[in-house]
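Listed below are the residues making up each chain.
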Amino acid sequence: MKIKICGITNKEDALYCAEKGVDALGFIFYEKSKRSISPQRAYEIIASLPPFVNAVGVFVNESIEKVKEIARYCNLDYLQFHGNESPRYLEAFEEFKVIKVIRVKDEGSIKVMENYSNVSVFLVDTYDENLLGGTGKTFNWDLALKAKEYGKIILSGGLNPDNVADAINSVNPYAVDVASGVESIPGKKDFDKVEKYIYEAKKAFLNQY
């Protein structure tokens with residue numbers, strides 16, 4: 001059972017989420033995102049995290065050199081690729097743990113997962129032609145079940161404190177991921193929502209066993 005909260009932009013949110021028991025925090029290094037963060041700021045926050053909380057860097061169609069530079073500077077535990085990165089592109093990151101995002105539109109979206117070998121875990125998210133993430137919309141969880149045939153999955157897309165238990169009961173993913181579903185405004189977490197989300201997720205995961 002793993003819980004990831006993405007779109008961290010400040011130390012207060014990061015430490016609160018860590019205190020409440022999240023396994024991973026996501027830092028978005030994509031300037032067009034409402035939740036983007038600079039490598040310098042991310043470095044400061046990551047350095048303050050307690051042990052066993054993983055730092056995930058989120059990248060979108062970035063150059064290989066820049067990704068590696070940020071990853072090493074910030075001491076990232078995972079690299080999450082949210083753009084149109086090809087399997088060959090990901091081969092450049094053999095020294096890192098890689099998360100590849102699959103934006104799920106239909107079964108064809110899932111089929112491409114078989115082409116990626118250098119991936120520690122897939123993150124399945126809602127497809128939106130205008131947004132790369134943070135849509136606040138769910139997708140057909142039956143497709144998420146099919147995605148599990150290709151490896152471990154992190155379930156994302158429109159999750160919030162009210163539906164995360166249903167999502168886990170329906171899919172039983174390796175982990176769940178949330179950004180907008182626990183925010184007051186983009187980039188600022190709502191602590192009440194964070195606490196409820198983590199509580200509901202952990203309770204649902206425990207019920208799977």
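Read on for an overview of the structure. Owing to the predicted nature of the structure, the values given are computational and were not obtained by experimental measurement. (Residues numbered from 1 in each chain as written. Predicted model: local features only at pLDDT ≥ 70, side-chain atom pairs only at ≥ 80, totals over all residues. Heavy atoms only, no water.)

**Comments concerning the nonpolar core**
Residues Ile5, Leu25, Phe27, Leu76, Leu155 and Val176 are the most contacted members of the largest nonpolar core, which totals 61 residues. If near-sequence neighbours (up to four positions away) are discounted, Ile5 is found in contact with Cys17, Val22, Ala24, Leu25, Gly26, Asp177, Val178, Val182, Lys189, Val194 and Ile198. By size, the runner-up hydrophobic cluster in this structure holds nine residues, among which are Tyr78, Ile99, Val101 and Ala175. (Core = buried A, V, L, I, M, F, W, Y, C linked by side-chain atoms within 4.5 Å. Buried < 20%, exposed > 50% of the residue type's maximum accessible area, 1.4 Å probe, protein only. Contact = heavy atoms within 4.5 Å.)

**A closer look at helix H8 (residues 191-207)**
Along its 17 residues, H8 runs 24 Å from first to last C-alpha, staying within 8% of the 24 Å computed at 1.5 Å per residue. The complete set of buried residues in H8 reads Val194, Tyr197, Ile198, Glu200, Ala201, Ala204 and Phe205. Two to three positions downstream of the cap, the backbone nitrogen of Asp192 sits 3.0 Å from a side-chain oxygen, assigning the N-cap of H8 to Asp190. (Helix = DSSP H or I, 4+ residues; strand = E, 2+ residues; numbered from the N terminus. Expected span 1.5 Å × (residues − 1). Polar contact = N/O pair within 3.5 Å; in protein donor to acceptor, adjacent residues only side chain to side chain.)

**Concerning the packing of aromatic side chains**
What the rule picks out here adds up to eight aromatic pairs. Summarising the aromatic geometry, the rings of Phe29 and Phe59 are spaced 5.4 Å apart at their centres and angled 25° between planes, so their arrangement reads as stacked. Of the two residues, Phe29 is situated in the loop between strand S2 (24-28) and helix H2 (39-47) and Phe59 in strand S3 (residues 54-59); the sequence distance between them amounts to 30 residues. Judged on exposure class, the residue Phe29 and its partner Phe59 are both buried. (Phe/Tyr/Trp six-rings, centres within 6.5 Å; stacked < 30°, edge-to-face > 60°.)

**Considering the pattern of salt bridges**
Counted by the stated rule, this structure contains twelve salt bridges. Glu183 is the partner of Lys189 in a salt bridge, and the nearest nitrogen-oxygen pair spans 3.2 Å. A single burial state applies to Lys189 and to Glu183, both of which are buried. Two residues, Glu200 and Lys203, come together in a salt bridge whose shortest N-O distance is 3.8 Å. Here the residue Glu200 and the residue Lys203 both occupy positions in helix H8, the gap between them amounting to three residues, near one helical turn. On the basis of relative accessibility, which here comes to 16%, the residue Glu200 falls in the buried class. (Salt bridge = Lys/Arg side-chain N within 4 Å of Asp/Glu carboxyl O.)

Keep in mind these values describe shape, not function.
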